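Report on the structure
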Amino acid sequence: MDEKALDGTRKLSEWVRACPSGGMVFFGGAGVSTESGIPDFRSAGGLYSLKYPYPPERMVSRSFFDARPGEFFDFYFDRMIAQGAKPNAAHLKLAELERRGTLSAVVTQNIDGLHAAAGSRTVFELHGSVLRNTCMACGRPFSLEDMLELRRASRDGVPRCACGGIAKPDVVLYEEPLDGEVLEGAIDAIARADLLVVAGTSLAVNPAAGLLRYFRGSHLAIVNLSPTPADSSADLLVQAKVGEVFSALA
Ligand code: ZN
């Protein structure tokens, strides 16, 4: 971390310590999980720059899922599941801040379930989670382990329920709407926050950027390696890895 990022981390640490009970909300993206070994969809070198027969945005769209489930699940299990990924310093610190009563909620664009794995309780997963899966025909729920087993048992690699229906990940695909309740919960948490920390997201994809408009609190901090469209409205910018910043917070 350079001198400027260290200064920023110290400032953020002061704000966290001075934050009224339940006044902190965290809003994170892919950069929160890269240190857990989960590839960043949109950054160079990440998923989207890899060569596949179709553009990745299309492969994770609902119309592609419906038309070519076999190819969808090849891509999904190959590139979107990181088996054995563990929470990193950022996930763990956020869970600790919630236990201490400082943090009221985590809002995340990630689908890896690592906040819950770290012990966070109030987590709004805007894009769903790979840990939850549902049969499209009968509604039976499946874990990620179940999905891997169903895939192994399937001739075409498409995980299927005993009823014959496709077991679909509860992940929001392109062309699909966000879950209304999750979105409302996220908006409500951000609207009540006094300190909002936005981290590991380029804020390039909606509704991420739009959600910040609901913030009315005292301090907006952005922790990200590259600039974001919201930088000009932030009270503090820290250009560093999310895990490094959070492990340095007191
Ligand atoms: Zn079923």
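Residues numbered from 1 in each chain as written. Predicted model: local features only at pLDDT ≥ 70, side-chain atom pairs only at ≥ 80, totals over all residues. Heavy atoms only, no water.

1. Looking at the coordination of the zinc ion
At this site the zinc ion is bound by Cys135 (SG), Cys138 (SG), Cys161 (SG) and Cys163 (SG), with donor distances of 2.3 Å. Between the 4 donor atoms coordinating the zinc ion, the angles at the centre fall across 101 to 118°, so the site counts as tetrahedral. Of note, the donors binding the zinc ion are all from one chain and are spaced C-x2-C-x22-C-x1-C. Pair noted here: Cys138 is in the loop between strand S4 (128–135) and strand S5 (141–142) and Cys161 is in the loop between helix H7 (144–152) and strand S6 (167–171), with a separation of 23 residues, a long-range link. Among the residues examined, Cys138 registers a relative accessible area of 45% and is labelled partly exposed. Look at Cys161 and you get buried, because its relative accessible area is 6%. (Donors = N, O, S within 2.8 Å, 3.2 Å for Na, K, Ca; no water. Tetrahedral: all angles 85-135°; square planar, octahedral: opposite > 155°, others 65-115°. Helix = DSSP H or I, 4+ residues; strand = E, 2+ residues; numbered from the N terminus. Buried < 20%, exposed > 50% of the residue type's maximum accessible area, 1.4 Å probe, protein only.)

2. Brief notes about the layout of surface pockets
Summary: where empty space remains is shown by rolling a probe the size of a single water molecule over the atoms. The volume enclosed by the second largest pocket comes to roughly 240 Å³. Contributions of two or more residues to the lining of the second largest pocket are made by helix H6 (114–118), S4 and H7. Examining the composition of the lining of the second largest pocket, we find that 3 residues originate from one element, H7, more than from any other. (1 Å grid on protein atoms, 1.4 Å probe; cavity = no way out; pocket = protein on both sides within 12 Å on 5 of 7 lines; lining within 4 Å. Points joined across faces, edges and corners; volume = space filled by probe spheres on them.)

3. Points about the packing of aromatic side chains
By the definition in use, this model includes 9 aromatic pairs. Aromatic side chains Phe26 and Phe246 sit 5.4 Å apart centroid to centroid with 90° between the ring planes, which places their arrangement in the edge-to-face category. Taken together, the residues Phe26 in strand S1 (residues 24–28) and Phe246 in helix H10 (residues 242–247) connect sequence positions 220 residues apart. Its relative accessible area of 0% is what places Phe26 among the buried residues. Phe246 sits in the buried class, given a relative accessible area of 0%. (Phe/Tyr/Trp six-rings, centres within 6.5 Å; stacked < 30°, edge-to-face > 60°.)

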